[in-house]
Amino acid sequence: MNEQRRDVLDLLAEGKITATEADQLITALERDQPPVASSSDTRPRGRAKYLRVMVDTLDDGESGQINVRVPLQLLRAGVRLAAVLPPQVLERANAGLSKSGLPIDLTQLKPDELEALVEHLDELVVDVDQPDAKVRVFCE
Amino acid sequence: MPQLVTVRVTRVNRRPVRIWVPVLPVVLVLAPVLVLAVLAAAAACRVYRISVARALGSGWRVISALPGTQLDIGLGRSAVLVTIR
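Computed from a predicted structure; not experimentally measured. (Residues numbered from 1 in each chain as written. Chains lettered and ligands numbered in written order. Predicted model: local features only at pLDDT ≥ 70, side-chain atom pairs only at ≥ 80, totals over all residues. Heavy atoms only, no water.)

Moving on, we get to the overall build of chain A. Assigned secondary structure in chain A consists of 6 helices and 4 strands. Ordered by position from the N terminus, the helices and strands of chain A form the series α-α-α-β-β-α-α-α-β-β. Among the 140 residues that make up chain A, the fraction classed as buried is 23%. Within chain A, residue pairs in contact and separated by at least 24 positions form 47% of the contacts whose partners lie at least 6 positions apart. Approximately 10000 Å² of chain A is accessible, and the part contributed by carbon and sulfur atoms is 55%. (Helix = DSSP H or I, 4+ residues; strand = E, 2+ residues; numbered from the N terminus. Buried < 20%, exposed > 50% of the residue type's maximum accessible area, 1.4 Å probe, protein only. Contact = heavy atoms within 4.5 Å. Areas by Shrake-Rupley, 256 points an atom, 1.4 Å probe, with all protein chains shown as cover.)

And the structure:
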């Protein structure tokens, strides 16, 4: 909600203007608004193809680098493969994840939701900057 | 489907080793083993009541999505690079 619209609603809530006046003001504000750009206009860059994970570490004066490039198509294929797995396998995986300190219930993840998650991964950027480690996750 | 897998290993005080693995010839050589592996996978699918066609289709999708994968791990002057094309 933009600021002007919020001001109008505040005035209405305070009883300083009537509902009709508020409606007229909001209509006038909408008329003055520039047309909303379509989603393709807001993201002119090309569709991301790869998920990159870059890790730079400094351990005992020795530098280490990990540079992984995974095609997003592979993640999608992995999601479809995970959907084929029977519930008992997923429960085993859940137990393993819990043991590792990741209490994620994989049985609750639906293939459609995972597909949407992978679709939106290209908007993901994770930057972790520490004195002895630097992690960067992004899509390109 | 992947065509070429490249592995490069760099170690301290040793010459770097680079290996190119052409996938198709290797698959052809290993075809008898792969047929057995597919049959074993199909049997496992039956045991766990998974659709064989769906499982094989998903597995094939994973294999065909592999090209473009790159893994590069370096520690000091040692490094391993695996590239799938």
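Another point: the domain arrangement of chain A. Looking at chain A, the domain boundaries give domain 1 (3-33) and domain 2 (50-139). Measuring from the centre of the C-alpha atoms in domain 1 of chain A to the corresponding centre in domain 2 of chain A gives 46 Å. (Domains from an automatic or database assignment.)

Here we come to the side chain of Asn67 of chain A. Looking at the secondary structure, you find Asn67 of chain A in strand 2 (residues 62-71). Relative accessible area serves as the criterion here: at 17%, Asn67 of chain A is assigned to the buried category. Reaching out from Asn67 of chain A, the side chain makes a polar contact with the side chain of Arg52 of chain A at a distance of 3.1 Å. Excluding residues within four positions of it along the chain, Asn67 of chain A makes contact with Arg52, Val53 and Met54 of chain A together with Gln70, Leu71 and Asp72 of chain B. (Polar contact = N/O pair within 3.5 Å; in protein donor to acceptor, adjacent residues only side chain to side chain.)

Right, let's get into the UniProt feature "transmembrane region" (unreviewed entry) in chain B. Under the UniProt annotation, the feature "transmembrane region" (unreviewed entry) is placed at residues 20-44 of chain B. Regarding residues 20-44 of chain B, the helix share stands at 84% and the strand share at 12%, and the terminal C-alpha atoms are separated by 33 Å. (UniProt positions renumbered as here; feature names shortened; annotations may be inferred.)

Helix length check: helix 5 (residues 87-99) of chain A (13 residues) gives 18 Å between terminal C-alpha atoms against 18 Å at 1.5 Å per residue, within 8%. Immediately beyond the C-terminal end of helix 5 of chain A, within one or two residues, lies Gly101 of chain A, with a positive phi of roughly 85°. (Expected span 1.5 Å × (residues − 1).)

Tracing the sequence through the fold places Val47 of chain B in helix 2 (residues 31-47). Separated by 23 residues in the primary sequence, Val47 of chain B and Gln70 of chain B place their C-alpha atoms 35 Å from one another.

The next subject is the interface of chain B and chain A. Interface size is commonly expressed as the accessible area that is lost once the parts come together. Counting from both sides, the interface comprises 20 residues of chain B and, opposite them, 20 residues of chain A. A buried area of about 1700 Å², summed over both sides, lies between chain B and chain A, and 61% of it is on carbon and sulfur atoms. Linking chain B with chain A are 0 salt bridges. Seen at the junction of chain B and chain A, the total is 5 residue pairs in polar contact (both at pLDDT 80 or more). Secondary structure elements with two or more residues in the side of chain B that touches chain A: helix 3 (52-64) and strand 3 (70-75) of chain B. Grouping the constituent residues of the side of chain B that touches chain A by class yields 10 nonpolar, 7 polar and 3 charged. As defined by bridge partners, strand 2 of chain A adjoins strand 3 of chain B across 6 bridges and the pair is classed as antiparallel. Looking across to strand 3 of chain B, one finds that Gly64 of chain A is bridged to Leu75 of chain B. (Buried area = accessible area lost by both parts, 1.4 Å probe. Salt bridge = Lys/Arg side-chain N within 4 Å of Asp/Glu carboxyl O. Nonpolar A, V, L, I, M, F, W, Y, C, P; charged D, E, K, R; others polar. Pairing = 2+ DSSP bridges.)

Moving on, we come to the side chain of Arg76 of chain A. With respect to the helices and strands, the residue Arg76 of chain A is situated in helix 4 (residues 72-84). Contact partners of Arg76 of chain A, with chain neighbours within four places excluded, come to Arg47, Glu115, Val118 and Glu119 of chain A.

Quick look at a negative patch on the surface now. A contiguous patch of negative charge on the surface is contributed by Asp59, Asp60, Glu62 and Asp132 of chain A. Of note, Asp59 of chain A is situated in strand 1 (residues 50-59). (Patch = residues over 30% accessible without salt bridge, like charges linked within 9 Å, V, L, I, M, F, W, Y side chains within 5 Å. Lys, Arg positive; Asp, Glu negative; His and termini not counted. Charge placed at Lys NZ, Arg CZ, Asp CG, Glu CD.)

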